[in-house]
Amino acid sequence: LPAGAFPAQRLPDLASLNLSGNHLRTVEAGSLALPALRQLDLSGNALVSFSPQAFGEGGSPLEELLLRGALRDHGVLLSLAALLQSGALRNLSRLELADNGLLLLPAGMFTALPALRLLDLSNNSLVGLRNVSFQGLGQLQSLNLSDNSLGVLWNSTLAQFRSLPTLRHIVLRHNAWVCDCAIEDLVAWLKESNQVEGKEALTCASPDKMLGKALLKINGSDLNCSVPIDLPSQLQTSYVFLGIVLALIGAIFLLVLYLNRKGIKKWMHNIRDACRDHMEGYHYRYEINADPRLTNLSSNSDV
(Lines give C-alpha, C1' and ligand atoms only; values in the text may rest on other atoms or scores of the structure.)
Protein backbone atom coordinates (compact mmCIF):
# COMPACT_ATOMS: atom_id res chain seq x y z
CA LEU A 1 0.00 0.00 0.00
CA PRO A 2 1.81 3.14 -1.15
CA ALA A 3 1.18 6.57 0.27
CA GLY A 4 -2.13 7.94 -0.99
CA ALA A 5 -3.48 4.52 -1.99
CA PHE A 6 -6.78 5.64 -0.46
CA PRO A 7 -6.88 9.43 -0.84
CA ALA A 8 -8.77 11.12 1.95
CA GLN A 9 -10.14 13.80 -0.38
CA ARG A 10 -11.95 11.21 -2.50
CA LEU A 11 -12.92 8.88 0.38
CA PRO A 12 -13.81 11.19 3.28
CA ASP A 13 -16.55 8.86 4.60
CA LEU A 14 -14.85 5.46 4.23
CA ALA A 15 -15.39 3.77 7.61
CA SER A 16 -14.65 0.07 6.96
CA LEU A 17 -11.83 -1.33 4.83
CA ASN A 18 -11.30 -5.05 4.28
CA LEU A 19 -8.01 -5.99 2.61
CA SER A 20 -7.71 -9.49 4.07
CA GLY A 21 -6.41 -12.48 2.12
CA ASN A 22 -4.25 -10.58 -0.34
CA HIS A 23 -0.51 -10.47 -0.98
CA LEU A 24 0.27 -7.19 0.73
CA ARG A 25 3.82 -6.95 2.08
CA THR A 26 4.32 -3.29 2.95
CA VAL A 27 2.06 -0.63 4.40
CA GLU A 28 3.75 2.69 3.74
CA ALA A 29 3.44 5.99 5.57
CA GLY A 30 0.23 7.86 4.77
CA SER A 31 -1.39 4.92 2.98
CA LEU A 32 -4.32 4.73 5.45
CA ALA A 33 -4.77 8.37 6.42
CA LEU A 34 -8.56 8.27 6.18
CA PRO A 35 -10.49 10.67 8.45
CA ALA A 36 -13.49 8.36 9.02
CA LEU A 37 -11.81 4.93 9.08
CA ARG A 38 -13.15 2.86 11.98
CA GLN A 39 -12.48 -0.76 10.90
CA LEU A 40 -9.42 -2.18 9.11
CA ASP A 41 -8.86 -5.86 8.28
CA LEU A 42 -5.39 -6.84 7.04
CA SER A 43 -5.65 -10.50 8.05
CA GLY A 44 -4.01 -13.14 5.89
CA ASN A 45 -1.38 -10.89 4.36
CA ALA A 46 2.35 -11.68 4.62
CA LEU A 47 3.35 -8.27 5.90
CA VAL A 48 7.04 -7.48 6.30
CA SER A 49 6.77 -3.72 6.87
CA PHE A 50 4.12 -1.62 8.61
CA SER A 51 5.01 2.05 8.87
CA PRO A 52 4.28 3.69 12.24
CA GLN A 53 3.01 6.66 10.17
CA ALA A 54 0.64 4.52 8.08
CA PHE A 55 -2.38 6.40 9.47
CA GLY A 56 -0.83 9.81 8.97
CA GLU A 57 0.99 12.19 11.25
CA GLY A 58 -1.93 12.87 13.58
CA GLY A 59 -4.19 10.48 15.47
CA SER A 60 -6.55 8.05 13.77
CA PRO A 61 -10.21 7.35 14.64
CA LEU A 62 -9.60 3.62 14.03
CA GLU A 63 -11.50 1.41 16.47
CA GLU A 64 -10.92 -2.10 15.13
CA LEU A 65 -7.66 -3.52 13.73
CA LEU A 66 -7.59 -7.14 12.57
CA LEU A 67 -4.18 -8.69 11.84
CA ARG A 68 -4.81 -12.43 11.97
CA GLY A 69 -1.95 -14.29 10.33
CA ALA A 70 -0.35 -11.07 9.07
CA LEU A 71 2.62 -10.70 11.45
CA ARG A 72 4.81 -13.69 10.63
CA ASP A 73 7.86 -11.45 10.27
CA HIS A 74 9.42 -10.26 13.54
CA GLY A 75 10.33 -6.89 12.05
CA VAL A 76 6.72 -6.03 11.26
CA LEU A 77 5.76 -6.90 14.86
CA LEU A 78 8.26 -4.32 16.10
CA SER A 79 6.88 -1.76 13.63
CA LEU A 80 3.35 -2.43 14.87
CA ALA A 81 4.49 -2.07 18.48
CA ALA A 82 6.04 1.31 17.63
CA LEU A 83 2.76 2.36 15.98
CA LEU A 84 0.68 1.34 19.00
CA GLN A 85 3.09 2.98 21.46
CA SER A 86 3.08 6.25 19.51
CA GLY A 87 -0.47 6.96 20.66
CA ALA A 88 -1.80 7.25 17.09
CA LEU A 89 -4.50 4.60 17.81
CA ARG A 90 -5.77 5.76 21.17
CA ASN A 91 -9.36 5.10 20.03
CA LEU A 92 -8.66 1.44 19.27
CA SER A 93 -11.15 -0.82 21.08
CA ARG A 94 -10.52 -4.16 19.29
CA LEU A 95 -7.15 -5.64 18.37
CA GLU A 96 -6.80 -9.13 16.88
CA LEU A 97 -3.28 -10.61 16.70
CA ALA A 98 -4.23 -14.29 16.51
CA ASP A 99 -2.61 -16.94 14.27
CA ASN A 100 0.77 -15.21 14.03
CA GLY A 101 3.11 -17.70 15.72
CA LEU A 102 4.25 -15.06 18.20
CA LEU A 103 6.73 -16.25 20.85
CA LEU A 104 7.14 -13.05 22.87
CA LEU A 105 5.59 -9.61 22.71
CA PRO A 106 7.60 -6.36 22.73
CA ALA A 107 7.67 -4.71 26.16
CA GLY A 108 5.08 -1.97 26.65
CA MET A 109 3.29 -2.80 23.42
CA PHE A 110 -0.22 -2.05 24.77
CA THR A 111 0.48 0.83 27.14
CA ALA A 112 -0.95 3.55 24.86
CA LEU A 113 -4.34 1.91 24.20
CA PRO A 114 -6.64 3.30 26.91
CA ALA A 115 -9.84 2.47 24.98
CA LEU A 116 -8.98 -1.16 24.20
CA ARG A 117 -11.78 -3.56 25.14
CA LEU A 118 -10.94 -6.77 23.26
CA LEU A 119 -7.45 -8.23 22.80
CA ASP A 120 -7.11 -11.51 20.91
CA LEU A 121 -3.72 -13.27 21.18
CA SER A 122 -5.00 -16.79 20.55
CA ASN A 123 -3.34 -19.49 18.46
CA ASN A 124 0.19 -18.16 18.80
CA SER A 125 3.24 -19.67 20.49
CA LEU A 126 3.52 -17.34 23.48
CA VAL A 127 5.72 -18.85 26.17
CA GLY A 128 5.39 -16.08 28.75
CA LEU A 129 3.90 -12.70 29.59
CA ARG A 130 6.45 -11.40 32.11
CA ASN A 131 7.56 -8.51 29.86
CA VAL A 132 3.98 -7.63 28.86
CA SER A 133 2.29 -4.78 30.68
CA PHE A 134 -1.48 -4.58 30.82
CA GLN A 135 -1.37 -1.44 32.94
CA GLY A 136 -3.35 1.40 31.41
CA LEU A 137 -5.91 -0.91 29.79
CA GLY A 138 -8.62 0.33 32.09
CA GLN A 139 -11.39 -0.53 29.60
CA LEU A 140 -10.20 -4.05 28.73
CA GLN A 141 -13.07 -6.54 28.96
CA SER A 142 -11.90 -9.63 27.03
CA LEU A 143 -8.45 -11.23 26.75
CA ASN A 144 -7.98 -14.38 24.67
CA LEU A 145 -4.76 -16.32 25.37
CA SER A 146 -5.95 -19.74 24.24
CA ASP A 147 -3.89 -22.14 22.10
CA ASN A 148 -0.48 -20.83 23.14
CA SER A 149 2.52 -22.36 24.90
CA LEU A 150 2.10 -20.76 28.31
CA GLY A 151 3.53 -22.91 31.09
CA VAL A 152 2.73 -20.60 34.01
CA LEU A 153 1.41 -17.12 34.76
CA TRP A 154 3.54 -15.35 37.35
CA ASN A 155 2.17 -13.38 40.25
CA SER A 156 3.09 -10.04 38.64
CA THR A 157 0.83 -10.83 35.67
CA LEU A 158 -1.97 -12.11 37.89
CA ALA A 159 -1.78 -8.91 39.93
CA GLN A 160 -2.32 -6.90 36.74
CA PHE A 161 -5.38 -9.01 35.89
CA ARG A 162 -6.78 -8.34 39.36
CA SER A 163 -6.22 -4.59 38.97
CA LEU A 164 -8.21 -4.25 35.72
CA PRO A 165 -11.72 -3.30 36.84
CA THR A 166 -13.61 -4.29 33.67
CA LEU A 167 -11.71 -7.47 32.75
CA ARG A 168 -14.28 -10.22 33.10
CA HIS A 169 -13.48 -12.60 30.25
CA ILE A 170 -10.09 -14.37 30.07
CA VAL A 171 -9.59 -17.47 27.91
CA LEU A 172 -6.66 -19.76 28.86
CA ARG A 173 -7.58 -23.12 27.34
CA HIS A 174 -5.11 -25.27 25.38
CA ASN A 175 -1.88 -24.10 26.96
CA ALA A 176 1.05 -26.23 28.13
CA TRP A 177 0.68 -25.72 31.88
CA VAL A 178 3.66 -27.00 33.86
CA CYS A 179 2.37 -28.21 37.20
CA ASP A 180 5.35 -27.76 39.50
CA CYS A 181 5.85 -25.46 42.48
CA ALA A 182 5.82 -22.34 40.27
CA ILE A 183 2.14 -22.87 39.42
CA GLU A 184 0.88 -22.41 42.98
CA ASP A 185 0.04 -18.71 42.46
CA LEU A 186 -1.88 -19.46 39.26
CA VAL A 187 -3.89 -22.22 40.94
CA ALA A 188 -4.74 -19.98 43.89
CA TRP A 189 -5.84 -17.20 41.54
CA LEU A 190 -8.00 -19.58 39.47
CA LYS A 191 -9.78 -20.78 42.61
CA GLU A 192 -10.64 -17.26 43.74
CA SER A 193 -11.23 -15.53 40.38
CA ASN A 194 -14.34 -15.36 38.24
CA GLN A 195 -12.50 -13.88 35.27
CA VAL A 196 -11.45 -17.12 33.55
CA GLU A 197 -13.82 -18.78 31.12
CA GLY A 198 -13.97 -22.59 31.38
CA LYS A 199 -11.33 -22.77 34.09
CA GLU A 200 -12.59 -26.21 35.14
CA ALA A 201 -11.21 -27.64 31.87
CA LEU A 202 -7.65 -26.38 32.36
CA THR A 203 -5.29 -29.34 32.85
CA CYS A 204 -1.58 -30.01 33.37
CA ALA A 205 0.60 -30.82 30.37
CA SER A 206 3.67 -31.80 32.43
CA PRO A 207 5.31 -33.43 34.35
CA ASP A 208 4.15 -36.93 33.50
CA LYS A 209 2.82 -37.68 36.97
CA MET A 210 0.50 -34.64 36.73
CA LEU A 211 -0.52 -35.09 33.09
CA GLY A 212 -4.23 -34.40 32.59
CA LYS A 213 -4.89 -33.33 36.18
CA ALA A 214 -7.25 -30.36 36.50
CA LEU A 215 -5.55 -27.21 37.75
CA LEU A 216 -8.44 -26.49 40.11
CA LYS A 217 -7.89 -29.84 41.86
CA ILE A 218 -4.20 -29.32 42.55
CA ASN A 219 -3.13 -28.90 46.17
CA GLY A 220 0.17 -28.50 47.97
CA SER A 221 0.67 -32.21 48.56
CA ASP A 222 0.42 -32.90 44.82
CA LEU A 223 3.24 -30.49 44.07
CA ASN A 224 5.39 -31.64 47.02
CA CYS A 225 6.91 -28.20 47.40
CA SER A 226 9.36 -27.60 50.22
CA VAL A 227 10.56 -24.30 51.59
CA PRO A 228 13.53 -23.26 49.46
CA ILE A 229 16.84 -23.19 51.31
CA ASP A 230 18.71 -19.95 51.12
CA LEU A 231 22.17 -20.74 49.73
CA PRO A 232 24.15 -18.23 51.88
CA SER A 233 22.47 -19.54 55.03
CA GLN A 234 23.23 -23.10 53.96
CA LEU A 235 26.89 -22.24 53.44
CA GLN A 236 27.03 -20.45 56.79
CA THR A 237 25.61 -23.52 58.50
CA SER A 238 28.20 -25.71 56.75
CA TYR A 239 31.03 -23.47 57.94
CA VAL A 240 29.76 -23.58 61.53
CA PHE A 241 29.51 -27.36 61.41
CA LEU A 242 33.04 -27.62 59.95
CA GLY A 243 34.36 -25.40 62.75
CA ILE A 244 32.73 -27.57 65.39
CA VAL A 245 34.21 -30.73 63.85
CA LEU A 246 37.71 -29.22 63.72
CA ALA A 247 37.42 -28.01 67.32
CA LEU A 248 36.33 -31.50 68.42
CA ILE A 249 39.29 -33.10 66.60
CA GLY A 250 41.66 -30.61 68.24
CA ALA A 251 40.24 -31.35 71.70
CA ILE A 252 40.63 -35.10 71.17
CA PHE A 253 44.22 -34.59 70.02
CA LEU A 254 45.07 -32.54 73.13
CA LEU A 255 43.41 -35.14 75.35
CA VAL A 256 45.51 -37.93 73.79
CA LEU A 257 48.65 -35.89 74.33
CA TYR A 258 47.75 -35.31 77.97
CA LEU A 259 47.02 -38.96 78.66
CA ASN A 260 50.32 -40.05 77.09
CA ARG A 261 52.43 -37.24 78.48
CA LYS A 262 54.89 -39.59 80.29
CA GLY A 263 55.45 -41.78 77.29
CA ILE A 264 55.80 -38.74 75.06
CA LYS A 265 58.29 -37.20 77.50
CA LYS A 266 60.36 -40.41 77.52
CA TRP A 267 60.20 -40.60 73.74
CA MET A 268 61.40 -36.99 73.47
CA HIS A 269 64.33 -37.74 75.84
CA ASN A 270 65.31 -40.78 73.77
CA ILE A 271 65.25 -38.69 70.63
CA ARG A 272 67.34 -36.02 72.33
CA ASP A 273 69.95 -38.59 73.51
CA ALA A 274 70.09 -40.18 70.09
CA CYS A 275 70.58 -36.79 68.45
CA ARG A 276 73.28 -35.92 71.01
CA ASP A 277 75.21 -39.16 70.35
CA HIS A 278 74.91 -38.62 66.66
CA MET A 279 76.17 -35.03 66.90
CA GLU A 280 79.08 -36.12 69.14
CA GLY A 281 80.14 -38.61 66.49
CA TYR A 282 80.10 -35.88 63.86
CA HIS A 283 82.04 -33.60 66.22
CA TYR A 284 84.72 -36.30 66.85
CA ARG A 285 85.19 -36.90 63.11
CA TYR A 286 85.45 -33.17 62.53
CA GLU A 287 88.24 -32.85 65.14
CA ILE A 288 90.19 -35.69 63.54
CA ASN A 289 89.89 -34.20 60.08
CA ALA A 290 90.81 -30.72 61.34
CA ASP A 291 94.04 -31.78 63.26
CA PRO A 292 96.92 -32.91 60.95
CA ARG A 293 98.58 -34.91 63.71
CA LEU A 294 95.44 -36.88 64.40
CA THR A 295 94.98 -37.37 60.68
CA ASN A 296 98.51 -38.85 60.31
CA LEU A 297 98.00 -40.98 63.39
CA SER A 298 94.78 -42.27 61.95
CA SER A 299 96.51 -43.07 58.65
CA ASN A 300 99.42 -44.90 60.42
CA SER A 301 96.98 -46.84 62.51
CA ASP A 302 95.13 -47.90 59.38
CA VAL A 303 98.40 -49.12 57.85
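Numbering of residues begins from 1 in every chain and follows the order in which that chain's sequence is written. In view of the model being predicted, local features appear only for residues whose pLDDT reaches at least 70, and side-chain atom pairs are presented and counted only at 80 or more, with totals across whole chains, interfaces and linings using the full set of residues. To get the side-chain values, all heavy atoms of the structure are used, and hydrogens and water are removed first.

- As recorded in an unreviewed UniProt entry, the chain goes by TPBG protein and comes from Spizella passerina.

## Some details on the UniProt feature "transmembrane region" (unreviewed entry) in the chain
Here comes step 1: UniProt positions are given in the numbering used here, feature names are shortened, and annotations may be inferred rather than shown by experiment. Mapped onto this numbering, the UniProt entry annotates "transmembrane region" (unreviewed entry) at residues 239-259.
Here comes step 2: For residues 239-259, helix accounts for 100% and strand for 0%, while the C-alpha atoms at its two ends are 30 Å apart. Each helix is a run of DSSP H or I of at least 4 residues and each strand a run of E of at least 2, with the numbering of both proceeding from the N terminus.

## Quick word on the pattern of salt bridges
Here comes step 1: Any Lys or Arg side-chain nitrogen located within 4 Å of an Asp or Glu carboxyl oxygen qualifies as a salt bridge. The final tally for this structure, using the stated rule, is 8 salt bridges.
Here comes step 2: Ionic contacts of the salt-bridge type, sharing partners, join the residues Glu64, Arg68, Arg94, Glu96, Asp99 and Asp120 into one network.

## Section: the sheet that holds strand 8 (residues 142-144)
One key point about sheets: their strands pair by backbone hydrogen bonds, in either a parallel or an antiparallel sense.
Here comes step 1: Read across the open sheet, the 8 strands follow the order 1-3-5-6-7-8-9-11; overall the sheet is parallel. The sheet is open, and its two borders are formed by strand 1 (16-18) and strand 11 (196-197), each paired with just one other strand.
Here comes step 2: Bridge count for strand 9 (residues 169-171) against strand 11 is 2 bridges, and the pairing is parallel. Counterpart to Ile170 in the pairing with strand 11 is Val196. A pair of strands is labelled paired if DSSP reports no fewer than 2 bridges between them.

## Overview of the state of the cysteines
Here comes step 1: Defined by distance alone, a disulfide is two cysteine sulfur atoms within 2.5 Å. Across all of its chains, the model carries 1 disulfide by this definition.
Here comes step 2: Each disulfide pairs two cysteine sulfurs, and for Cys179 the partner residue is Cys204, the sulfurs being separated by 1.8 Å. Handedness here is read from the sign of the S-S torsion; for Cys179 and Cys204, about -95°, the answer is left-handed. Of this pair, Cys179 sits in the loop between strand 10 (177-178) and helix 3 (184-192) while Cys204 sits in strand 12 (residues 204-206); the two residues are 25 residues apart in sequence, bridging distant segments of the chain. Assigned by exposure class, Cys179 and Cys204 land together as buried. Only protein chains enter the calculation, and the probe is 1.4 Å; a residue is then buried if its accessible area is under 20% of its type maximum, exposed if over 50%, and partly exposed in between.

## Focus on the packing of helix 2 (residues 155-163) against helix 3
Here comes step 1: Closest axis-to-axis distance for the helix 2/helix 3 pair is 10 Å, and the angle between their directions is 20°. In terms of their interaxial angle, helix 2 and helix 3 are classed as roughly parallel. Taken as a pair, helix 2 and helix 3 cross one another with a handedness that is left-handed. Contact residues: helix 2 offers Asn155, Leu158, Phe161 and Arg162, while helix 3 offers Asp185, Leu186, Trp189 and Glu192.
Here comes step 2: Of the residues contributing to the contact of helix 2 with helix 3, the split by class is 4 nonpolar, 1 polar and 3 charged. Interaxial angle, 0 to 180 degrees, is taken between N-to-C directions of lines fitted to C-alpha atoms, where a helix line uses only the stretch in contact. An angle below 35 degrees is read as roughly parallel, one above 145 as roughly antiparallel, one from 65 to 115 as roughly perpendicular, and any other as oblique. Less than a right angle of anticlockwise turn of the near helix away from the far helix marks a crossing as left-handed, whereas a clockwise turn marks it as right-handed. Contacts are assigned to residue pairs with any non-hydrogen atoms lying within 4.5 Å of each other. Gly is placed with the polar residues, together with every amino acid not listed as nonpolar (Ala, Val, Leu, Ile, Met, Phe, Trp, Tyr, Cys and Pro) or charged (Asp, Glu, Lys and Arg).

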